[in-house]
Amino acid sequence: LSIESSPLDGLKLSGWVAYNEAVLTEPFPIGNGSSIIQAGTRLPHSSRWSGGVAVEQEFPLLPSIGATGLVGVDASYVGERPGTLSNTNMLRAKPSYVQTNLRIGAVYDTWTAYVFVYNVTDRRGVLREDRVRAEKFKRSVLRPPLLDHD
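Calculation rules
Residues numbered from 1 in each chain as written. Predicted model: local features only at pLDDT ≥ 70, side-chain atom pairs only at ≥ 80, totals over all residues. Heavy atoms only, no water. Pairing = 2+ DSSP bridges. Helix = DSSP H or I, 4+ residues; strand = E, 2+ residues; numbered from the N terminus. pLDDT = per-residue confidence, 0-100. Phe/Tyr/Trp six-rings, centres within 6.5 Å; stacked < 30°, edge-to-face > 60°.

**What about the pairing of strand β1 (residues 2–5)?**
Logical step 1: Where β1 and strand β2 (residues 11–19) come together, four bridges link them in antiparallel fashion. Of the residues in β2, the one forming a bridge with isoleucine 3 is glycine 15.
Logical step 2: The loop that links β1 with its antiparallel partner β2 comprises five residues; one of these, glycine 10, has a positive phi angle of about 85°.

Dropping the structure here:
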């Protein structure tokens, strides 16, 4: 479900939400078939809930030449996700996280320039986790705040 609105001149509001019921629909044998993952087990890396909101405001930057500026912020939520396909996959679930980004830009004629700051709150959401040895795991996380441009 998504929605977008422009309640005031130059202001854009948007949001979305998703629900995901990604589960095995029947038992799944693994290895040589001696183990079976039960129907109803959540699929790896699938969050039940995710969503996001964004706000962007345009404003006159240099009205005499028709240049406009804009500022925006967006935040996205990713819910808890199973890490593996197993009957106990929620024991090593990746936790939920929220990522917040900022942007500022200018538009003039056919030219557009943006500066972005990603993950401004420095949330280290776990994106991936790989088993290195029996009890040791390697994690990939959201990158720390980063200034970028376009």
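There's more to say after this.
**Some remarks on unusual backbone geometry**
Logical step 1: Here aspartate 109, not a glycine, exhibits a phi torsion of approximately 55°, which is positive.
Logical step 2: Positive phi outside glycine occurs at asparagine 119, with the angle close to 55°.
Logical step 3: Among the structural elements, asparagine 119 can be located in the loop between β8 (111–118) and β9 (126–133).

**Regarding the confidence of the model for the chain**
Logical step 1: Of the residues in the chain, 85% have a pLDDT of 70 or more, and the chain-wide mean is 87.
Logical step 2: Per-element confidence in the chain is highest for β2, whose mean pLDDT is 98, and lowest for strand β10 (residues 136–141), whose mean pLDDT is 59.

**Some details on the packing of aromatic side chains**
The geometry of two aromatic rings is summed up by the distance between their centres and the angle between their planes.
Logical step 1: Throughout the structure, instances matching the rule amount to three aromatic pairs.
Logical step 2: Judged by centre distance (5.7 Å) and plane angle (25°), the rings of tyrosine 114 and phenylalanine 116 are stacked.
Logical step 3: Their ring planes at 15° and their centres at 5.7 Å tell us that phenylalanine 116 and tyrosine 118 sit as a pair that is stacked.
Logical step 4: Put simply, the rings of Tyr114, Phe116 and Tyr118 pair up and form one aromatic cluster.

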